[in-house]
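Architecture at a glance
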2 protein chains.
Amino acid sequence: MKFELKDRDASGRIGKLYTPHGTITTPSLLPVINPNKIAVSPKEMKKQFDIEMVITNSYIISKHKGLKEKALDSGVHGLLDFNGPIMTDSGTFQSYIYGSINMEPLEIIKFQKEIGVDIGTILDVFGTPNQTKTEAEQGMKETIKRAKISVLYKGEMGIALPVQGSIYPELRFACAQQLSKLDADLFPIGGVVPLMENQRYTDLVKVILASKKGLDPGKPVHLFGAGHPLIFPLAVALGCDLFDSSAYIKYAQEDRLIFSNGTQHLKDLEELSCCCPICSSYHINELKKSEKIQRTKLIAEHNLYISMVEIKKIRNAIRVGKLWELVEQKASENPQLYNALSVLGKKEEQEYLEKHEPVYKKKAIFYTGPHTINRPQLYRMNQRLQQWYQLAHDTIIVFPESTKPYHVTYEQEITAIYRRNPNVDILINSSLGPVPIFLDEMYPFAQSEFPEFIDQATIKHNKQVFNHLTKGKKVLYWDGKKTLELLKQEKKGMTQLDMDIKRIQNVATMQFGRNTDKILFKGKKSLVKSKKTRKIRNVYCDDDHIVSMRASDGMFTLKLAGGIRLHAHVPFPRFRVVVQNDAVPFIKDGKSVFAKFVKGGDIQLRPYDECIIVDQQDQLLGVGRCLLTVDEMIAFSFGQAVKVREHISD
Amino acid sequence: MKFELKDRDASGRIGKLYTPHGTITTPSLLPVINPNKIAVSPKEMKKQFDIEMVITNSYIISKHKGLKEKALDSGVHGLLDFNGPIMTDSGTFQSYIYGSINMEPLEIIKFQKEIGVDIGTILDVFGTPNQTKTEAEQGMKETIKRAKISVLYKGEMGIALPVQGSIYPELRFACAQQLSKLDADLFPIGGVVPLMENQRYTDLVKVILASKKGLDPGKPVHLFGAGHPLIFPLAVALGCDLFDSSAYIKYAQEDRLIFSNGTQHLKDLEELSCCCPICSSYHINELKKSEKIQRTKLIAEHNLYISMVEIKKIRNAIRVGKLWELVEQKASENPQLYNALSVLGKKEEQEYLEKHEPVYKKKAIFYTGPHTINRPQLYRMNQRLQQWYQLAHDTIIVFPESTKPYHVTYEQEITAIYRRNPNVDILINSSLGPVPIFLDEMYPFAQSEFPEFIDQATIKHNKQVFNHLTKGKKVLYWDGKKTLELLKQEKKGMTQLDMDIKRIQNVATMQFGRNTDKILFKGKKSLVKSKKTRKIRNVYCDDDHIVSMRASDGMFTLKLAGGIRLHAHVPFPRFRVVVQNDAVPFIKDGKSVFAKFVKGGDIQLRPYDECIIVDQQDQLLGVGRCLLTVDEMIAFSFGQAVKVREHISD
């Protein structure tokens, strides 16, 4: 069973999961098929709803004579009349519901293997939210014990090892770590149905985060029993890849329709505010009057359409870097979910989430409310502003928020200031926080939309960042000529080139860290600028092409000459991705770095960071752009790790 | 042309507009039909998309020989091959685009009449946002002048008089007032396209509010040129009833797909996150590769599906009282829209919006973020708490937020307190603000979901309300026995009946005003309570059934005996709806009060408020529930005004 990361945003990802019965794209929703009563057949699901994989229950099949015989005879794929991938659950949920079941852990593994499921699940011990820590720990230990034996018998079958540990983050983390050492193909997060049923989303977030922190980042993660679209975006943003839905049919049986923001009972609706093929072909009164069996099927189909649209929305959001926006928008639809997001404001969680957060995105950051300031990318921005970037001078001139790009809006004022005195820094007091003028084209300073009216906590937060940046400095709020006159007239002002050099130095500091500007831009600098947009395009030092600046987000792409400088002057392992020596010929041949060849590297590298590629002797091989973090490069056995931009030839 | 209000929420409404070619339900979206090039025919629109009415341009028809002849020959309905209602615009927008057009105001009215349009539009003067106030005022005066002449020639045709006045609220208001004196059937708000194109939603909100304040509340209002779903919920919440969309086809021509939160270019999408019949039957690559003409039609259809779903969502939200939630959720999708909502936090706007806000809703209030506290229903709640309700005693005991209903959660504590000393008030310090214990089952105190984590401005606001309520009083934060011991042991504590009586008195004060409890509940009180829920059901005083309490929201419904008391002791016009004397027999016959019979009444009555119905001599006729405000009762000529609950028989 292979799993490959194809795209990412937040701590979420688009992946490909390769199974013996075909490949699925994650995040994915697996409808639960009741083998006793198939309302919508898996075949139909695939054709009509773009469903790629389904889940059924091996325990139920094994306990039903007719089903068992048919499954043993023609496999689970024959039983369900479906040739796509099939996952099975093991009876754990039934033992939670009924107290205990008559099934041995190895027996159910053997049975799942016999009926040919693609991914089978061990018989783990369902940890409920109301357990004491001791009870939860016992159950968790038993789960690990069973997992250890079960994986020995998995054979060719993919195997899912559920993370248990009730609501105790330390247990979830420990369980995840233990399970990650085993030969697993999928990690479900189990025991969360009671949390979701009671809208205990704060606990759910804590459970997912604790589990993810302990799990092998190279394996897909399944949120067991999550079938309502309300929770999908957040769960994906935290790193869940698979969901299963019995909600579509359970709700349908109760005449309840799923909508993106909640469910509604058919009888409470006067019209269908939906345009799925079901709602477009039936008038609500026809639906209300139709026979129970037909009505259930139609509503189940509506529910599947809506659920799949939500999954697709999430995938599209990941592709453009808008997943956090989607998460926060959903939170405005449910107060408990809104509450749960506050967990992400804790420093510990921000530090964890920042590690997987891409360094730039295709689309601008939109402010949605008080949660926005907690986004990992803004946490990173403010950390780097305070730790990497530093204001060079003792006098700071502050301009109010205005039209972007700020340096164009305030061109006259800036020119006047720097003609008079080059020894001042200029900040814009924006809704996003303080923006150093020479960073004003860089992501996310330029690529963000914050309204004028923002919440008090964000205002306060921005003030703190501002105060930290300007501590001990003289702050002048721009007041036209008056401010100018406060500045000493220096002999030599700044030229346009001086300002451009300031800009590249500032950007390097924010992107690569303190003093990297001195390493990268040593020597005689020359810049190529776009005639049309006046933006910096290429930076040469002593005739070496060091970096280029992307027009879309004002960040640098590293050229080989830049990589050589970083490699020469920054000690190992900073900026490095280390590949095993037998992969060297491929890289010298211009190929990408594949995850399976990566031996290690700089854990400070973030997704889409620029990096230098070295062999095991720290010999420079090339420069490129990380698609994965180094932890992920080590964990994944498939897929690209670094897109090589330039490489050293023999 | 008749217009009738059927349901309402915020300042928005569901209405029925009766035209010679059929009845439409508002809010409604009128697709713009280009008579030269019909991409999706109106007939198809009606069949496939539940489109009820379309709009086309009489100026364009009149200037095109072929179209003109056909229209004069077989009417505009023949021209468009559509037998539903058709509205036409007049060339105003063309004169804005091209500077001037060759058309006389009366000429276009005459032409529209001749081709048999259902609602024609006068040739008004488009006021642009960049006009000076003087320029805007000139245009507005010319519009009024033309309106005055045009209405004289409208004949059987419905006529639309657009409100102009650029971005100047005082001009918009004045224009709206002037036009409302004329014999109009519809009031478009004109000149707003440039605001929407530039996402100047703050200005748009101000323009809509200023116009609405001046407009006849009994007529439908059209937001001219608003075709993007993003703006629909807010526009409806402020009182707009009709929209027209050329966006569906314009965007389609540029390969742009409308989604509920914005538009996306086909080329930027990797999958279609939509399940409309188009997106369900075409793979995105088929769509990308299809011929331009076909692609445009398919995308236009998708756009219509999505736009109509948004309209239906709004109508469903109105039906359950969730329109503000929808407005705020939308605002989290667009920072400029988010910004615009801050206008609604101004006292002046809150006062205006509170007048149309229903006094209770079917569903609970959900907190969505910092805008929630500005909702008119919460403004009202806090106003009434501070002005109507008053704490009776000098000592206040405060409990922290907990599970609802609070008086059940804190039953032991409350019983202990009141057994010891009846002379204290109890407040819950909830996320919604301070909740007096005896109001804890009443809307919206019980029917609200506020998360623990709320924004700073709301916390501050709640603190202010708390401080105002408890000013000069002794505040004790509940600390178990310690708090109890601080209370003097009185001879006589409170019994359960005493507490129930406190509850009905408190609710009456919050619902009807200060001292109304003394009027309503004079005499020997007896209560009927539900055995199952222990909730108060009926209140009798001296054996008269005064009020009942609705289980769903803890508010009173007024019985005839209660009405008699209010009528006897509260001076005219408070609580009255005055009907003309010839309607008296209908009311005595048990019929509802229809708007056309209402002569006046108490302007303090809010939608769904309980009221007393009197004749022109202030003789009591009955009690009931207002569906309209008194201003609306006077303005509307059709539909119900008051649902009569009990009436006096001869």
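Heads up: the structure comes first, above all this text.
Residues numbered from 1 in each chain as written. Chains lettered and ligands numbered in written order. Predicted model: local features only at pLDDT ≥ 70, side-chain atom pairs only at ≥ 80, totals over all residues. Heavy atoms only, no water.

**Points about the packing of helix H7 (residues 169-180) of chain A against helix H9 (residues 201-214) of chain A**
Residue and element names in this part refer to chain A. Counted only if it meets this: Lines are fitted to the C-alpha atoms to define the axes, a helix being fitted only along its stretch in contact, and any angle between axes, read from their N-to-C directions, falls within 0 to 180 degrees. Strands here mean DSSP runs of E at least two residues long; helices mean DSSP runs of H or I at least four residues long; both are numbered from the N terminus. In a left-handed crossing the near helix is turned counterclockwise from the far helix by less than a right angle, and in a right-handed crossing that turn is clockwise. Contacts are assigned to residue pairs with any non-hydrogen atoms lying within 4.5 Å of each other.
The geometry of H7 relative to H9 is characterised by a closest axis approach of 7 Å and an angle of 30° between their N-to-C directions. In this structure, H7 crosses over H9, and the sense of that crossing is right-handed. Between H7 and H9, the contacting residues are Pro-169, Arg-172, Phe-173, Ala-176, Gln-177 and Ser-180 on the first element and Val-207, Ala-210, Ser-211, Lys-213 and Gly-214 on the second.

**Structural notes on the interface of chain A and chain B**
Convention followed: Joining two parts hides part of their accessible area as seen by a 1.4 Å probe, and the buried area is that hidden amount summed over both. Whenever Lys or Arg places a side-chain nitrogen within 4 Å of a carboxyl oxygen from Asp or Glu, that contact is recorded as a salt bridge. For the purposes of these results, a polar contact is taken to be a pair of N or O atoms within 3.5 Å, where, inside protein, one atom must be able to donate a hydrogen and its partner to accept one; residues adjacent in sequence count only when each atom of the pair is a side-chain atom.
Each partner contributes residues to the interface: chain A has 41 residues there, and chain B has 41 residues. Both faces combined, the contact of chain A with chain B buries some 3,900 Å², and carbon together with sulfur accounts for 57% of it. Linking chain A with chain B are 6 salt bridges, by the criterion used here. Between Glu271(A) and Arg319(B) there is a salt bridge, and its shortest N-O distance comes to 3.0 Å. On the surface where chain A and chain B come into contact, there are 17 residue pairs in polar contact (both at pLDDT 80 or more). When residues of the side of chain A that touches chain B are traced back to their parent elements, those giving at least two are helix H12 (277-281), helix H14 (292-320), helix H16 (335-341) and helix H21 (456-469) of chain A.

**Regarding the sheet that holds strand S19 (residues 474-477) of chain A**
Residues and elements named next belong to chain A. This is how the line gets drawn: Strands are labelled as partners when DSSP assigns at least two bridges between them.
Across the sheet, which stays open at both edges, the 4 strands sit in the order S17-S16-S15-S19 with mixed pairing between neighbours. Each edge of the open sheet is held by one strand with a lone partner, namely strand S17 (433-436) and S19. Taking the axes of each pair of neighbouring strands and ignoring which way they run, one obtains an average angle of 30° across the sheet. Inspection of the sheet shows strand S16 (residues 424-430) paired to S17 by 4 bridges, in the antiparallel sense. Bridge pairing in S17 places Ile-428 opposite Val-435. Helix-sheet contacts for H21 involve strand S15 (395-400), S16, S17 and S19, and the interaxial angle to S17 is about 45°.

**Quick word on a nonpolar patch on the surface**
Quick reminder of the rule: Residues enter patches when their relative accessible area tops 30% and they take part in no salt bridge; the joining distance is 9 Å for like charges and 5 Å for the nonpolar side chains Val, Leu, Ile, Met, Phe, Trp and Tyr. Note on areas: Shrake-Rupley, 1.4 Å probe, and residue coverage restricted to the protein chains presented here.
A surface patch of nonpolar side chains, about 390 Å² in accessible area, is lined by Leu106(A), Ile149(A), Leu152(A) and Tyr153(A). Tracing the backbone through its elements, the reader meets Leu106(A) in helix H5 (residues 105-114).

**Regarding the relation of the copies chain A and chain B**
Test applied: Least-squares superposition aligns the copies on the C-alpha atoms of those residues with pLDDT at or above 70 in both.
Between chain A and chain B, the superposition needs a rotation of 180° and an axial shift of 0.0 Å, giving an RMSD of 0.1 Å. The relationship between the two copies is best expressed as a two-fold rotation axis. The fraction of interface residues of chain A whose copies in chain B are also interface residues reaches 100%, indicating that both copies meet through the same surface.

**A few points about the pattern of salt bridges**
Two side chains carrying opposite charge are able to pair once their charged atoms lie near each other. Residues and elements named next belong to chain B. Note the threshold: The cut-offs for exposure are 20% and 50% of the maximum accessible area for each residue type, with area from a 1.4 Å probe on protein chains only; residues under the lower value are buried, those over the upper are exposed, and the others partly exposed.
Enumeration according to the criterion identifies 92 salt bridges over all chains in this entry. Residue Lys-219 is joined to Asp-216 by a salt bridge in which the shortest nitrogen-to-oxygen separation is 3.6 Å. Taking relative accessible area as the criterion, Asp-216 reaches 16% and is therefore assigned buried. With its nearest N and O atoms 2.8 Å apart, the salt bridge here joins Asp-255 to Arg-295.

**Considerations on the nonpolar core**
Where we set the bar: Residues enter a nonpolar core if they are buried and are Ala, Val, Leu, Ile, Met, Phe, Trp, Tyr or Cys, with the set joined through side-chain atoms within 4.5 Å.
By size, the foremost hydrophobic cluster in this structure holds 216 residues, and its most contacted members are Leu161(A), Leu223(A), Phe243(A), Phe521(B) and Phe556(B). Per-element tally for this core: the top contributor is H14(A), with 12 residues. Once you skip the residues sitting within four places of it in the chain, Leu161(A) turns out to touch Ile122(A), Ala147(A), Val151(A), Leu179(A), Leu182(A), Ala184(A), Leu186(A), Phe187(A) and Pro188(A). Counting 182 residues, the second-largest nonpolar core is a separate cluster that includes Val424(A), Ala235(B), Tyr248(B) and Leu341(B).

**Section: the pairing of strand S5 (residues 54-57) of chain B**
Residue and element names in this part refer to chain B. Here is the rule we go by: Every crossover in which the path from the first strand over the helix to the second runs clockwise, viewed with the strands pointing away from the viewer, is termed right-handed.
With burial as the criterion, each face of S5 is covered, one bearing Val-54 and Thr-56 and the other bearing Ile-55 and Asn-57. For strand S4 (residues 28-33) and S5, the ladder comprises 2 bridges, and the chain directions are parallel. Looking at the pairing, Ile-33 lines up with Thr-56 of S5. Following the backbone out of S4, through helix H1 (residues 42-49) and into the adjacent parallel S5, one traces a crossover that is right-handed. With 4 bridges connecting them, S5 and strand S6 (residues 86-89) associate as parallel partners. The partner of Asn-57 across the bridge, within S6, is Asp-89.

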